[in-house]
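# Summary of the model geometry
Residue strings, one per chain:
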Amino acid sequence: MYCVKDLVESGGSLQSVPSKYIFPENPEDCIISDAETIPIIDFSLLTSASLKQRSKVIHELGTACREWGFFMVINHGVKKTLRDEMIKACQSFFDLPTEEKRDYAGKKFVDPIRWGTSFNTKVDKTYFWRDYLKVHVHPQFNAPQKPVGFSEIVEEYCKQNRELASELLKGISASLGLEENYIQKTLNVGSNSHQLLVINSYPACPQPELVMGLPPHSDHGLLTIIMQNDLGGLQVQHDGKWVPVNPPPDSFVVNVGDQLEILTNGIYKSILHRAMVNSKATRISVGTANGPPLDTVVSPAPELVDRENQPARYRPITYRQYVEFQQSNHLDGKSCLSHVFV
Ligand code: OGA
Ligand code: NI
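It should be emphasised that the depicted structure is a prediction, and the values quoted were computed from it without experimental measurement.

Rules used in this analysis
- Residues numbered from 1 in each chain as written.
- Chains lettered and ligands numbered in written order.
- Predicted model: local features only at pLDDT ≥ 70, side-chain atom pairs only at ≥ 80, totals over all residues.
- Heavy atoms only, no water.
- Helix = DSSP H or I, 4+ residues; strand = E, 2+ residues; numbered from the N terminus.
- Rg over C-alpha atoms; globule rule 2.2 N^0.38 Å.
- Buried < 20%, exposed > 50% of the residue type's maximum accessible area, 1.4 Å probe, protein only.
- Donors = N, O, S within 2.8 Å, 3.2 Å for Na, K, Ca; no water.
- Phe/Tyr/Trp six-rings, centres within 6.5 Å; stacked < 30°, edge-to-face > 60°.
- Near = heavy atom within 4 Å.
- Polar contact = N/O pair within 3.5 Å; in protein donor to acceptor, adjacent residues only side chain to side chain.
- Areas by Shrake-Rupley, 256 points an atom, 1.4 Å probe, with all protein chains shown as cover.
- 1 Å grid on protein atoms, 1.4 Å probe; cavity = no way out; pocket = protein on both sides within 12 Å on 5 of 7 lines; lining within 4 Å.
- Sits in = over half its atoms within 2 Å of the grid points.
- Expected span 1.5 Å × (residues − 1).
- Arc of directions from axis to C-beta.
- Contact = heavy atoms within 4.5 Å.
- Pairing = 2+ DSSP bridges.
- Axes fitted to C-alpha atoms, helices over the stretch in contact; angles between N-to-C directions.
- Points joined across faces, edges and corners; volume = space filled by probe spheres on them.
- Nonpolar A, V, L, I, M, F, W, Y, C, P; charged D, E, K, R; others polar.

Attention shifts here to the overall build of the protein. When you go through the protein residue by residue, the secondary structure sums to 9 helices and 14 strands. Taking 20 Å as the expected radius of gyration for a compact globule of 342 residues, we find that the protein reaches 19 Å, a close match to that expectation. Overall, the protein is about 60 × 40 × 40 Å in size when its C-alpha atoms are taken along their principal axes. In the protein, buried positions account for 56% of the 342 residues.

Following this line, the structure appears as structure tokens:
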């Protein structure tokens, strides 16, 4: 397999991108809105002893999920040293010689460790300017043996992301007027819940306006938690415009995934987002897709379904079936979710 990194580094400096990577629509044709920013959630207030503070932040969380599907989380308690180590470890992984990474060139979603390029090269008509490493880190922990120390850092980072996700899901349950453990109990989120680590590397591109790092898509899980090195590139769709996300350095970006849309019967929706690339340096982003156990059947919560006014809008599906379908097709907007529409 040939990855973007090899393409960029082969034979001196690359002047123009191969036609295989030229995205049919000019990504910059769409309206970009710099005027707005995604909401900020102060995580420390979620665990606050003050009921007033807690109900305020739960309300803000509900508004963020309903109106944006994306928010930034500050004061989350994950140490800067761990975040920095994680980014460095990810860079070192992509810096390994291609022959060594090739050991991890998996093909299917079920492969515990999968290094690759674009999204699904079997079906991608245009290649995306992105190399990736996807690792199933929970309930069974997996990690590449190299580089040295990578596995330990990944394990700790992912564990802390699960804890964040769990606390956020409590707040989100409460924001829907449900008991705070509702989502976790209903979907059996806990010791068996599934977590996929996705590390993206978007090398510097000589013609960034012609290519796409990741095309518009929604994420499959309940909540995705993302951090990046100091380069921007993520854009979120809001009111028909693309809003660039410029997270404060110590924050996480969190978004509603398709399983949360199904469970809430569409009250909270997964939102289209995309990744742009730049000409200056390699952008790294680290995401964890936090979902229920793979064999959990996800369907609209009966409490949020009202036969007359709000009938169930999605058909039940196991998380496993859902992700396998998403990962073996084109990454195309919210087309995967449309397969479970009633
Ligand atoms: C993803 C994703 C965004 C980014 O991996 O699903 O949307 O900023 N990544 O890299
Ligand atoms: Ni995504």
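Moving on: the coordination of the nickel ion (ligand 2). Each angle at a metal carrying four tetrahedral donors should ideally be 109.5 degrees, and each at a metal carrying six octahedral donors should ideally be 90 or 180 degrees. Of the protein atoms, only His217 (NE2), Asp219 (OD) and His273 (NE2) coordinate the nickel ion (ligand 2), at distances of 2.1 to 2.2 Å. Ordering the donors of the nickel ion (ligand 2) by residue number gives the pattern H-x1-D-x53-H. One end of the pair, Asp219, is in the loop between β6 (214-217) and β7 (223-228); the other, His273, is in strand β11 (residues 273-275), and 54 residues separate them in sequence. Like His273, Asp219 is buried.

Following the criterion strictly, the structure yields 8 aromatic pairs and no others. On the basis of an interplanar angle of 90° and a centroid distance of 5.9 Å, the ring pair of Tyr21 and Tyr127 is categorised as edge-to-face. Here the residue Tyr21 occupies a position in the loop between α1 (4-9) and β1 (40-42), and Tyr127 occupies one in the loop between β3 (113-117) and β4 (131-138), the gap between them amounting to 106 residues. Residue Tyr21 is classed as buried on the basis of its relative accessible area, which comes to 6%. Ring geometry for Phe23 against Phe128: centres 6.4 Å apart, planes inclined by 50°, an arrangement best described as tilted. Of this pair, Phe23 sits in the loop between α1 and β1 while Phe128 sits in the loop between β3 and β4, placing them 105 residues apart in sequence. The buried category is assigned to Phe23, whose relative accessible area is 13%. Phe128 sits in the buried class, given a relative accessible area of 6%.

In this section: the site of ligand 1. The environment of ligand 1 is formed by Asn200, Tyr202, Leu214, His217, Asp219, Leu234, His273, Arg283 and Ser285. Within the contact set of ligand 1, an oxygen atom lies 3.3 Å away from a side-chain nitrogen or oxygen of Asp219. Between His273 and ligand 1, the recorded distance is 2.9 Å, taken from a side-chain N or O atom to an oxygen atom. Considering ligand 1 on its own, with 290 Å² of exposed area, one finds that the protein chains cover 90% of that surface. With respect to the pocket detection grid, ligand 1 is positioned in the largest cavity. Those elements that place two or more of their residues in the shell around ligand 1 are β5 (195-202), β6 and β12 (283-290).

Once that is clear, we can look at helix α2 (residues 51-67). Side chains that are three or four residues apart share a direction in an α-helix, a result of its 3.6 residues per turn. Taking 1.5 Å of rise per residue, 17 residues should cover 24 Å, and α2 covers 24 Å from first to last C-alpha, within 8% of that figure. If you check which residues of α2 are buried, you get Arg54, Val57, Ile58, Leu61, Gly62, Ala64 and Cys65. One face of α2 carries all of its buried residues, which in axial projection span an arc of 165°. When the buried face of α2 is taken as reference, the exposed residues oriented beyond 90 degrees from it are Lys52, His59 and Glu67. Looking at the buried residues of α2, the elements they touch are β1, β2 (70-74), α5 (150-175) and β10 (252-256). Where α2 ends, the next residue or the one after it, Gly69, has phi of about 70°, a positive value.

Time to look at the sheet that holds strand β9 (residues 241-244). Read from one edge of the open sheet, 4 strands run β6-β11-β8-β9, paired in antiparallel fashion. Two strands bound the open sheet, and with one partner strand each, they are β6 and β9. Looking at each pair of strands side by side, their axes are set apart by 20° on average, direction ignored. In the sheet, β6 pairs with β11 via 2 bridges, with the strands oriented antiparallel.

Moving on, we come to empty space enclosed by the protein. With a probe scaled to a water molecule rolled over the atoms, the places where space remains empty come into view. Counted according to the given criterion, the structure contains 1 cavity of 30 Å³ or more. Space inside the largest cavity adds up to approximately 370 Å³. Forming the walls of the largest cavity are 26 residues, and the residues nearest its centre are Val198, Asn200, Leu214, His217 and Asp219. Elements that contribute at least two residues to the lining of the largest cavity include exactly β5, β6, β7, β11, β12 and α8 (319-327). Within the lining of the largest cavity, the residues separate by chemical class into 11 nonpolar, 10 polar and 5 charged.

As a further point, take α8. Within α8, the full set of buried residues consists of Tyr319, Tyr322, Val323, Gln326 and Gln327. Axial view of α8: buried residues confined to an arc of 115°, hence all on one face. Against the buried residues of α8 lie β3, β4, α7 (258-263), β14 (317-318) and α9 (335-338).

Spatial relationships are all this shows, so hold off on functional conclusions.
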